[in-house]
4 protein chains.
Amino acid sequence: MTSGGDAPGMNAAIRAVVRTALYNNCEAFGIYGGYQGLIEGEIRQLGRYDVSNIIQRGGTILKSARSVEFKTVEGRARAAQQLAEHQIDALVVIGGDGSFTGAKYLIQEHDIPVVGVPGTIDNDLYGTDSTIGYDTAVNTAVEAVDKIKDTASAHNRLFFVEVMGRDAGFIALRTAIATGAEAVLVPEIETDLTDLEHFLEREYNPKNSSGIVIVAEGEKSGGAYTIAEKVAQKHPDYDIRVSVLGHIQRGGSPSQFDRVLASQLGAAAVDALMDDQKSIMLGIMNKEIVHVPFNKTIKHTKNLNPELVPLVRILSV
Amino acid sequence: MTSGGDAPGMNAAIRAVVRTALYNNCEAFGIYGGYQGLIEGEIRQLGRYDVSNIIQRGGTILKSARSVEFKTVEGRARAAQQLAEHQIDALVVIGGDGSFTGAKYLIQEHDIPVVGVPGTIDNDLYGTDSTIGYDTAVNTAVEAVDKIKDTASAHNRLFFVEVMGRDAGFIALRTAIATGAEAVLVPEIETDLTDLEHFLEREYNPKNSSGIVIVAEGEKSGGAYTIAEKVAQKHPDYDIRVSVLGHIQRGGSPSQFDRVLASQLGAAAVDALMDDQKSIMLGIMNKEIVHVPFNKTIKHTKNLNPELVPLVRILSV
Amino acid sequence: MTSGGDAPGMNAAIRAVVRTALYNNCEAFGIYGGYQGLIEGEIRQLGRYDVSNIIQRGGTILKSARSVEFKTVEGRARAAQQLAEHQIDALVVIGGDGSFTGAKYLIQEHDIPVVGVPGTIDNDLYGTDSTIGYDTAVNTAVEAVDKIKDTASAHNRLFFVEVMGRDAGFIALRTAIATGAEAVLVPEIETDLTDLEHFLEREYNPKNSSGIVIVAEGEKSGGAYTIAEKVAQKHPDYDIRVSVLGHIQRGGSPSQFDRVLASQLGAAAVDALMDDQKSIMLGIMNKEIVHVPFNKTIKHTKNLNPELVPLVRILSV
Amino acid sequence: MTSGGDAPGMNAAIRAVVRTALYNNCEAFGIYGGYQGLIEGEIRQLGRYDVSNIIQRGGTILKSARSVEFKTVEGRARAAQQLAEHQIDALVVIGGDGSFTGAKYLIQEHDIPVVGVPGTIDNDLYGTDSTIGYDTAVNTAVEAVDKIKDTASAHNRLFFVEVMGRDAGFIALRTAIATGAEAVLVPEIETDLTDLEHFLEREYNPKNSSGIVIVAEGEKSGGAYTIAEKVAQKHPDYDIRVSVLGHIQRGGSPSQFDRVLASQLGAAAVDALMDDQKSIMLGIMNKEIVHVPFNKTIKHTKNLNPELVPLVRILSV
């Protein structure tokens, strides 16, 4: 099952789960439409050819959806009943934080072995160096900003570019370094507008240079538009534009990194279930597959790499 | 000189102008920053190596800018003086409508031979089948919508995607056909909201299908956000999202089509000047290079291909 | 049916044929595996959802194959019988020269209405300005050469890059102009090795510059490796490399141009059949859909654009 | 200085070295053309704008070249003299194994502080989890194989695709997993042709399936062509093709991963020199910057990830 926001590489993970299950002489079933689909019995058996030629595709062939019903005891009881009726012994959930919380309840209330695979572009899951989809999303954002730099540079403009990341600045931070941006604003660090303005006064000159400021969706002082407006009020001579990259960051063919990661974690998820594990997320830490209890990954917060934060400014000077 | 909004392929055109000039034993100069740069004498000689390795790059190495001053008689007099001081005998302007209007005044008031090369992503120039940058911009929009389709399809969502085109629906129309969109809304055709809603009722089902509506920036009834809101009010069950592609459409490495077109038109521009032509835009019509008087290209409006409009609906059913 | 070598955009054409047929209240069937599949009855009905989400994919969902059997009277009789058994009244063949020749026999011997849609990356079909797949193939070749230029330039190397085109230099010629190559060698023009060597002596210096020569697969004097060797013998100081782009040029997501062209021609093919046409290829000439008798497109040869040939040298100097 | 084969991300590393040097109030110089350029005094000062807008470009603005002369004591003496004449106190070499060996001699004979930054697509450097250019090269190979899969699948063909890696199978192994290849052949593991044939007999059927075998350049039993021929002899019914990806894997715009890695390592190189380090390579291990003595990185060999090797077969079944 895939659950929550879709991420590039989810299909590679589905393929790995199915193929590894078959390799271990298990049967594999796909649940369509996340927890809601599970409740409604949208379940079909998957053979090896059902997952052929999907490793390179964005989105998820199993689709995803929100489920209000699964948040109720009754909803989860219906879900458990569906699994029983289809003689499904164990479940792999590919998704994020919220999906794993749902899984925890299902385990506690119905003793169903569930393991999780981290699939979200935001990379905001504790216990894994990288989530499936993150590398691709940053590549997509970087390619988009490269294009914006062409036009920024042609017109000596200052662009505020908003990238995804409602709660975390992972995408923003790497995008900023990788595009040579002048500054980056993330939810984890309070925005110092005065400092930003002083910095821009030194680094950006509407007569002969351009500038890029990367703003994470969840930046706390109001987001790209608000900040751009404040800067514009103080500097009416600046040629300012705002661009919100939006949903393009969720789609697209996964990068090799995400495909390999998804293949490893999907295979490890089946291995873990065969080994009687449950209530864990499979993660990758220092190149090793790790088992992270759902409890831990849900409660803890992953921090930005502190060495990367100052690098943006050092390299833009 | 490049002028107006930048477009992918402008660098290929600059290269073609410079190399063809040198091939004909002329000297070549680049004017930096459009008409404003001309007025301020931002002029440097360009040798063959100055335009090496730029054919594949977006933006414009000559930069571009608006000039209020050039709209005055005095400004144009200063521009003419700069040309005289640099012993420049003729001028190639790569840009759009507004740039050619400026050129016309320069010709009338100072008898300077100027020819134009159509460089704009919008394709809204009469007298040429295609403008430099248009093919690339549509490819960029199509690739972005392909990504959005991944996520639309994973969540059964209805997306309204806004593409560039303030006055013309060229980008929107081709993007719609090339992405298999359900509908397209363009400035040239009045939006019939009731018809759109009926169509969506038949074609989009939030339980099991997704949908894409392409909206040109210049759509007359309010744009992507307004229309999305109206549809949402009538159909609160729809899972609607809006995405504005924005400035990414201006940048990026030009497609082969735009590079070849730019090479042909840039070379033809120099040929035309050597042949004592002036006040014309170089265009391509039915694979032939054509000379289009500035007057004509400024006054007339290019129409959408009428055969493409109905195709969107036929192929989405 | 798709037949012959696959080309990007074939899926877009299949989608257009199916959807237009359904729009006209006809049933649509897919024949899998070209003429051989037809003979063996590999035929399945296609509904609108069978062609959903394929417009952006390379290859062909209907697959393709050679058929020795179809070249015999008996083979074609079996093919005709299969069509009769499946109550198929008319056939659209998406492919090239050879596919249309086969279609001609089927029409003559069994009076089955067949029309053709030009699908081949080589662009070597008389009667249409462009074939489906050509634009994408050139874009793919150009992107590959852009990458090779990075490394050529870093090491001051001279690269001979072989692109597809067994009988025609269309891909080679546009690739050469679009990448700013020093020279292009095509089957249509006899290679003058002495002239090439003199040119390279002037333009390439292993101490401080790099060079790219684009060679079409079907070049007559021996191809990229042979020519590279001859040049190397005369100039042992040159740092020469050969790269054969190969099959990557056949695949990949089609460009917007090929998707729109395929959509137009696929729709026009159904329209033509509804209008009692047969034994014609649908083509595009000067932006208009045209009907080209199979006879004509098979017998005649399309020529290279004579204006583009000298442009390579003018712009590389 | 960049040295050895070029790799995507070298420009990002150059930028990071220059900008970090300036940030620390040092002057920065670029040495053009590797060790040979150093010997010949091809040295120019670099300001912050000289490295603007290069982070996204493939190749290396400092170029690279082999130097026979630098392998001699006399050559290195001339190199040291050039550094002295230009008052250059310390050197950053971006390259691979061979480049670091050269650096070691320079340090030993002339006591010049040199540190290394690992720049090579092959990833075959001990002491760092990843080398600059490796991620991009794998992405390029994967995108190429995706395209080849389109055509393989359309024609039920078996492709042997050769990727770079003269001494190491890193690129091959990740490419194989990321493309869902049937098998991978690398220099580190002896090719068992009988096993491969048995495997293909089970997994590939020229009537209805396709297959991809990834072969590293340095595979020991003869490479892609030889193996393809042997398989073809035993299975004349197979529809076999060979594709050598070649030099496209060296070029192209670097991925976000390589740009960030290059930025980190380039900055760390300057930090290390300021901290009086020498004769070390900067590497990244488990997300931490590490100092690896040249001695170690030159002597030791990095191994393939043993968990990835069996994954190819498990997931292809």
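To be clear, the structure that these remarks concern was listed above.
Quick caveat: nothing in here was measured; it's all calculated off a predicted structure.

### Focus: the overall build of chain A
Move 1: Of regular secondary structure, chain A possesses eleven helices and ten strands.
Move 2: A compact globule built from 317 residues would reach a C-alpha radius of gyration of about 20 Å, and chain A, at 22 Å, matches this within 12%.
Move 3: Counting across all 317 residues of chain A, residues that qualify as buried make up 62%.
Move 4: In chain A, of all internal contacts separated by at least 6 residues, the share reaching a separation of at least 24 is 75%.
Move 5: Charge centroids of chain A, computed over 30 positive and 40 negative side chains, lie 3 Å from each other.

### Some thoughts on the interface of chain D and chain A
Move 1: Each partner contributes to the interface: chain D provides 44 residues, whereas chain A provides 44 residues.
Move 2: Across the chain D to chain A interface the summed buried area is about 4,000 Å²; carbon plus sulfur atoms make up 50%.
Move 3: Together, D:Arg174, D:Gln256 and D:Leu315 form the three largest contributors to the area buried by chain D at its contact with chain A, with a combined 16%.
Move 4: Where chain D meets chain A, there are six salt bridges.

### A closer look at the pairing of strand E7 (residues 211-216) of chain D
Residues and elements named next belong to chain D.
Move 1: The buried fraction of E7 is high, at six of six residues.
Move 2: Burial along E7 is two-sided: Gly211, Val213 and Val215 facing one way and Ile212, Ile214 and Ala216 facing the other are all buried.
Move 3: Strand direction decides the pairing type here: strand E5 (residues 158-163) and E7, joined by six bridges, are parallel. Bridge pairing in E7 places Phe160 opposite Val213.
Move 4: Pairing of strand E6 (residues 183-185) with E7, which is carried by three bridges, proceeds in the parallel orientation.

### A few points about the environment of A:Gly180
Move 1: As for its position among the elements, A:Gly180 is in the loop between helix H6 (170-179) and strand E6 (183-185).
Move 2: Considered as a pair, A:Gly180 and A:Leu311 are 131 residues apart in the sequence and their alpha carbons are 10.0 Å apart.
Move 3: Apart from residues no more than four positions distant in its own chain, A:Gly180 is found in contact with D:Arg15 and D:Ile55.

### Considering unusual backbone geometry
Move 1: Not every positive phi belongs to a glycine, and A:Asn25 is a case in point at roughly 60°.
Move 2: Looking at the element boundaries, A:Asn25 is found in the loop between helix H1 (10-23) and strand E1 (29-31).
Move 3: Of note, C:Ser279 is a non-glycine position whose phi angle comes to about 55°, a positive value.
Move 4: Counting through the fold element by element, C:Ser279 comes out in the loop between helix H9 (256-274) and strand E9 (280-285).

### Structural notes on the sheet that holds E6(A)
Either a parallel or an antiparallel arrangement is found when strands of a sheet pair, and the pairing is made through backbone hydrogen bonds.
All names here are of chain A.
Move 1: Spatially, four strands are ordered E6-E7-E5-E8 in an open sheet, and the strand pairing comes out parallel. Only two strands of the sheet have a single neighbouring strand rather than two, namely E6 and strand E8 (240-244). Adjacent strand axes in the sheet meet at a mean angle of 20°, parallel and antiparallel pairs treated alike.
Move 2: Running over the sheet, helix H5 (residues 134-155) touches strand E5 (158-163), strand E7 (211-216) and E8 and is turned about 165° from E5.
Move 3: The strands touched by helix H7 (residues 193-203) within the sheet are E5, E6 and E7, with E5 carrying the most contacts at an inclination of about 135°.

### Observations regarding the sheet that holds strand E6 (residues 183-185) of chain B
Residues and elements named next belong to chain B.
Move 1: The four strands are arranged E6-E7-E5-E8 in an open sheet whose pairing can be described as parallel. With partners counted over all chains shown, the strands left at the sheet margins are E6 and strand E8 (240-244), one partner each. Strand after strand, the sheet turns through a mean of 20° between neighbouring axes, direction not considered.
Move 2: Along the sheet, helix H5 (residues 134-155) contacts strand E5 (158-163), strand E7 (211-216) and E8; its crossing angle with E5, the most-contacted strand, is approximately 165°.

### Here's the deal with the relation of the copies chain D and chain A
Move 1: The transform that puts chain D on chain A rotates by 180° and translates by 0.0 Å along the axis, for an RMSD of 0.0 Å. Taken together, the turn and the small shift mark the pair as related by a two-fold rotation axis. Closest approach to the rotation axis within chain D is made by the C-alpha atom of D:Asn286, at a distance of 2.3 Å.
Move 2: Taken together, the interface assignments show that 100% of the residues at the interface of chain D recur at the interface of chain A, consistent with an identical surface on both copies.

So, how was this worked out
Residues numbered from 1 in each chain as written. Chains lettered and ligands numbered in written order. Predicted model: local features only at pLDDT ≥ 70, side-chain atom pairs only at ≥ 80, totals over all residues. Heavy atoms only, no water. Helix = DSSP H or I, 4+ residues; strand = E, 2+ residues; numbered from the N terminus. Rg over C-alpha atoms; globule rule 2.2 N^0.38 Å. Buried < 20%, exposed > 50% of the residue type's maximum accessible area, 1.4 Å probe, protein only. Contact = heavy atoms within 4.5 Å. Lys, Arg positive; Asp, Glu negative; His and termini not counted. Charge placed at Lys NZ, Arg CZ, Asp CG, Glu CD. Buried area = accessible area lost by both parts, 1.4 Å probe. Salt bridge = Lys/Arg side-chain N within 4 Å of Asp/Glu carboxyl O. Pairing = 2+ DSSP bridges. Axes fitted to C-alpha atoms, helices over the stretch in contact; angles between N-to-C directions. Least-squares fit on C-alpha atoms with pLDDT ≥ 70 in both.

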